[in-house]
Amino acid sequence: MSVAERGPVVATTASPPVPARRPTRRPTKAVVVIAPLALTIAVGLWGIRRQNTMWGDESVTYQLAHRDLSQIWLTAQHVDLVHALYYAVMHGLFGLFGGGLLTLRLPSVLAMSVAASGVGLLGLRLAGARAGLLAGLVFPLLPQVQKYAQEGRSYAMVCALVTWSTYALVVSVPHRSRWRWAVYGSTMLAACLLHEFAALALLAHGVTLVVSRVPRPVLRAWSAAAAGVVAGLLPLAVFSAGQSEQVSWIGAPVRLQYFLVVAVVGVACALAPLRARGPVRLSALAVPILALPGLLLLIASLFKPLFVDRYVLYSNIGIALLLGAWMDYFHRRQRSSRIAWIAVVAVLAALVPSSLSLRTPQSRSNDATAIAALVRTQGRPGDGVLYLPGKHRILTAASPEDTRLLTDLALAQDPVSSNTLAGVELPAQAIAARMLEFDRIIAVRDPAAVHSPADAREEAKTSTLRRHFREHGTTRVNGARVTVYVRVHTPSPKAGPRSNSPGTSGEVMR
């Protein structure tokens, strides 16, 4: 063969083989649901008994849930109507599982674990599986979530219902099925009936849809569901407005710092180019539910103080979603995960002191168990006990064995028979007269040296103690001062010598 007959020779250079990228393993949907649920249950059960103590609000739950449903309803007509549904639910649970401390708090642990699963699913749908898993795992570690997951009040249940109503909202946007919107509305209504301020999440959902520029049919469907929620909540809102005395103790925003810090951190996370999936962006959902309910309460507080951090506990859904999505974004940008692991370990170490303190009795504003025990140790059989003001009676009512040997000097009708929280007290003059029949009185007061309310009964208590008793000793405990008063017996005046002078007849001559 000649050279001309050969084909052209092409020079080739061997290139090194390109290493194939290892596919990143994404967590499955089951992991996104189960892992947050398991972590929340584990964290919730850790130290759940808090040294077998109970604080004042839990004491109210404990007392009312042990009453009959008819008594709960009659009491709610006078006070605490906003929590009537929760008390009825706890009454049923007490009947099934016994009315102990674990039964009081376990529903909150389970509710918060369900909320954590919902947060994970929200993150999965809005930003991917890894973001969902991280958000679900962050949620139970937040200090506020840890606190109210172990408390016998309605806030964890409200948080769970708001979480799942939010998930129903996200699912309903692309499908537009009527039954999905019915599920959304009924779940949201249940949250509002457990606590009225859950309705603020409804406004956050509306802002999310507007910002996301969803089609008009979706807005109309949400508006119809929202109108149903408002209509169902309206009777409760109207009647409970007459019980505004229940929030008269709020003088200024309560634990505002946590809300402000979390809101700032959440907004900062939202500035990153977070992954978006579907018609609703994660930041468009998370920022409104994080910031809007608290801001609305703060604005309302300019006219009447209403802001308490637990009233908007569900805002933690927003910060958990934002932190989860931000960590997912950070993980995708970093070639090495060493920095990420160092950051995770540092954050967990920083949470340890807060987590430990939340499981002590001192983590609450009072310790009803310790107050009742102190009254028992300071009192003697036959002593009188006095509550200044009378509403402090609820602090010892959950432990009646601690005061059964003492006489409640101001009580005319006990809380159960009067369908009230703290009972009905005697008139002012009757209280003062009864106090003078005792030589020792155990007084339960506010922890700070504050004046009792301007009420005739309270004035009678304080003035009688001041004029006829002396303070024998005061012991301070978390949430109260317990003072022992001893009666001061003034000697009767002795008659002077009579004059036997004639004409005086024993009378003083002028």
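Details of the structure are given in the entry above.
For the structure given in this document, a descriptive report is provided here. (Residues numbered from 1 in each chain as written. Predicted model: local features only at pLDDT ≥ 70, side-chain atom pairs only at ≥ 80, totals over all residues. Heavy atoms only, no water.)

## Considerations on the overall build of the chain
Counting its secondary structure elements, the chain contains 20 helices and seven strands. The burial tally for the chain puts 48% of its 510 residues in the buried class. (Helix = DSSP H or I, 4+ residues; strand = E, 2+ residues; numbered from the N terminus. Buried < 20%, exposed > 50% of the residue type's maximum accessible area, 1.4 Å probe, protein only.)

## Comments concerning helix α14 (residues 316–333)
The terminal C-alpha atoms of α14 lie 26 Å apart, and with 18 residues this matches the ideal 26 Å at 1.5 Å per residue to within 8%. Where α14 is concerned, the buried positions are Asn316, Ile317, Gly318, Ile319, Ala320, Leu321, Leu322, Gly324, Ala325, Asp328 and Tyr329. The inward-facing, buried residues of α14 abut α5 (101–127), α6 (129–138), α7 (143–148), α8 (155–175), α12 (256–270) and α13 (282–300). (Expected span 1.5 Å × (residues − 1). Contact = heavy atoms within 4.5 Å.)

## Observations concerning the packing of aromatic side chains
Tallying each qualifying case throughout the model produces nine aromatic pairs. Centroid distance tyrosine 155 to tyrosine 311: 6.3 Å. Interplanar angle 35°. Geometry classified as tilted. Separated by 156 residues along the polypeptide, tyrosine 155 in helix α8 and tyrosine 311 in the loop between α13 and α14 bring together distant segments of the chain. Each member of the pair tyrosine 155 and tyrosine 311 is classed as buried. Consider the rings of tryptophan 164 and tyrosine 167, whose centres lie 5.6 Å apart with planes at 70°: the pair is edge-to-face. Note that tryptophan 164 and tyrosine 167 are positioned in helix α8 at a spacing of three residues, about one turn of the helix. Owing to a relative accessible area of 28%, tryptophan 164 belongs among the partly exposed residues under this scheme. An aromatic cluster of three or more residues is present, and its members are Tyr148, Tyr155, Phe197 and Tyr311. Above the plane of the ring of phenylalanine 469 lies arginine 487, whose end atom (NZ or CZ) is 6.0 Å from the centre. (Phe/Tyr/Trp six-rings, centres within 6.5 Å; stacked < 30°, edge-to-face > 60°. Lys NZ or Arg CZ within 6 Å of the ring centre and 35° of its normal.)

## With respect to the nonpolar core
Core analysis: the biggest nonpolar cluster contains 113 residues, and Met112, Phe139, Val162, Leu282, Tyr314, Ile317 and Leu321 have the highest contact counts within it. Judged by nonpolar contacts, the second largest core, of 13 residues, contains Leu386, Ile431, Ile441 and Ala443. (Core = buried A, V, L, I, M, F, W, Y, C linked by side-chain atoms within 4.5 Å.)

## Re the packing of α8 against helix α9 (residues 178–194)
Packing of α8 against α9 brings their axes to within 8 Å, and their N-to-C directions diverge by 160°. Taken together, α8 and α9 sit at an angle that is classed as roughly antiparallel. Considering only the axes of α8 and α9, their crossing is left-handed. Between α8 and α9, the residues in contact are Met157, Val158, Leu161, Val162, Trp164, Ser165, Ala168, Leu169, Val171, Ser172, Val173 and His175 and Arg180, Trp181, Val183, Tyr184, Thr187, Met188, Ala190, Ala191 and Leu194, respectively. (Axes fitted to C-alpha atoms, helices over the stretch in contact; angles between N-to-C directions. Parallel < 35°, antiparallel > 145°, perpendicular 65-115°, else oblique. Left-handed = near helix turned anticlockwise from the far one by under 90°.)

## As for the pattern of salt bridges
Under the defined criterion, the tally for this structure stands at 12 salt bridges. Residue glutamate 58 pairs with arginine 50 through a salt bridge whose shortest N-O separation is 2.8 Å. Here glutamate 58 matches arginine 50 in class, with each residue buried. Ionic pairing is found between arginine 440 and aspartate 383, a salt bridge with its closest N-O pair at 2.9 Å. Taken together, the positions of arginine 440 in strand β5 (residues 440–445) and aspartate 383 in the loop between α16 (368–378) and β1 (384–387) put the pair 57 residues apart, joining distant regions of the chain. Look at arginine 440 and you get buried, because its relative accessible area is 13%. (Salt bridge = Lys/Arg side-chain N within 4 Å of Asp/Glu carboxyl O.)

## Brief notes about unusual backbone geometry
Cis geometry marks the peptide bond from leucine 388 to proline 389; its omega dihedral reads -5°. In this structure, proline 389 sits in the loop between β1 and α17 (394–397). Phi at arginine 213 is positive, roughly 55°, even though this residue is not glycine. By relative accessible area, arginine 213 is classed as exposed at 77%. Although it is not a glycine, asparagine 419 adopts a positive phi angle of roughly 55°.

## Examining a nonpolar patch on the surface
Together, Trp46, Val352 and Leu356 give the surface a local cluster of nonpolar side chains, amounting to about 280 Å² of exposed area. Mapped onto the fold, leucine 356 is located in helix α15 (residues 338–357). By relative accessible area, leucine 356 is classed as partly exposed at 47%. (Patch = residues over 30% accessible without salt bridge, like charges linked within 9 Å, V, L, I, M, F, W, Y side chains within 5 Å. Areas by Shrake-Rupley, 256 points an atom, 1.4 Å probe, with all protein chains shown as cover.)

## Description of the pairing of strand β6 (residues 469–477)
Taken together, the eight bridges between β6 and strand β7 (residues 480–487) define a ladder with antiparallel strand orientation. Considered in β7, the bridge of glutamate 471 is made with tyrosine 485. With antiparallel pairing between neighbouring strands as the criterion, β6 and β7 make up a hairpin whose turn holds two residues, including glycine 479 at a positive phi of roughly 105°. (Pairing = 2+ DSSP bridges.)

## Describing the side chain of serine 117
Its place among the elements puts serine 117 in helix α5. With a relative accessible area of 4%, serine 117 lands in the buried category. Residues in contact with serine 117, not counting those within four places in the same chain, are Val33, Pro36, Leu37 and Trp164.

## Digging into the side chain of serine 301
In this structure, serine 301 sits in the loop between α13 and α14. Serine 301 has contacts with Leu306 and Phe307, leaving out every residue within four places of it along the chain.

## Some remarks on helix α20 (residues 456–468)
For α20, which comprises 13 residues, the first-to-last C-alpha distance of 18 Å matches the rise-based estimate of 18 Å (1.5 Å per residue) to within 8%. Where α20 is concerned, the buried positions are Glu458, Ala460, Lys461, Thr464 and Leu465. Considered in projection along α20, the buried side chains sweep an arc of 160° and stay on one side of the axis. Residues of α20 that are exposed and angled more than 90 degrees away from the buried face: Arg466 and Arg467. Those residues of α20 hidden inside the fold are in contact with β1, β4 (424–425), α19 (428–435), β5, β6 and β7. With a side-chain oxygen lying 2.9 Å from the backbone nitrogen of arginine 457, the N-terminal cap of α20 falls on aspartate 455. (Arc of directions from axis to C-beta. Polar contact = N/O pair within 3.5 Å; in protein donor to acceptor, adjacent residues only side chain to side chain.)

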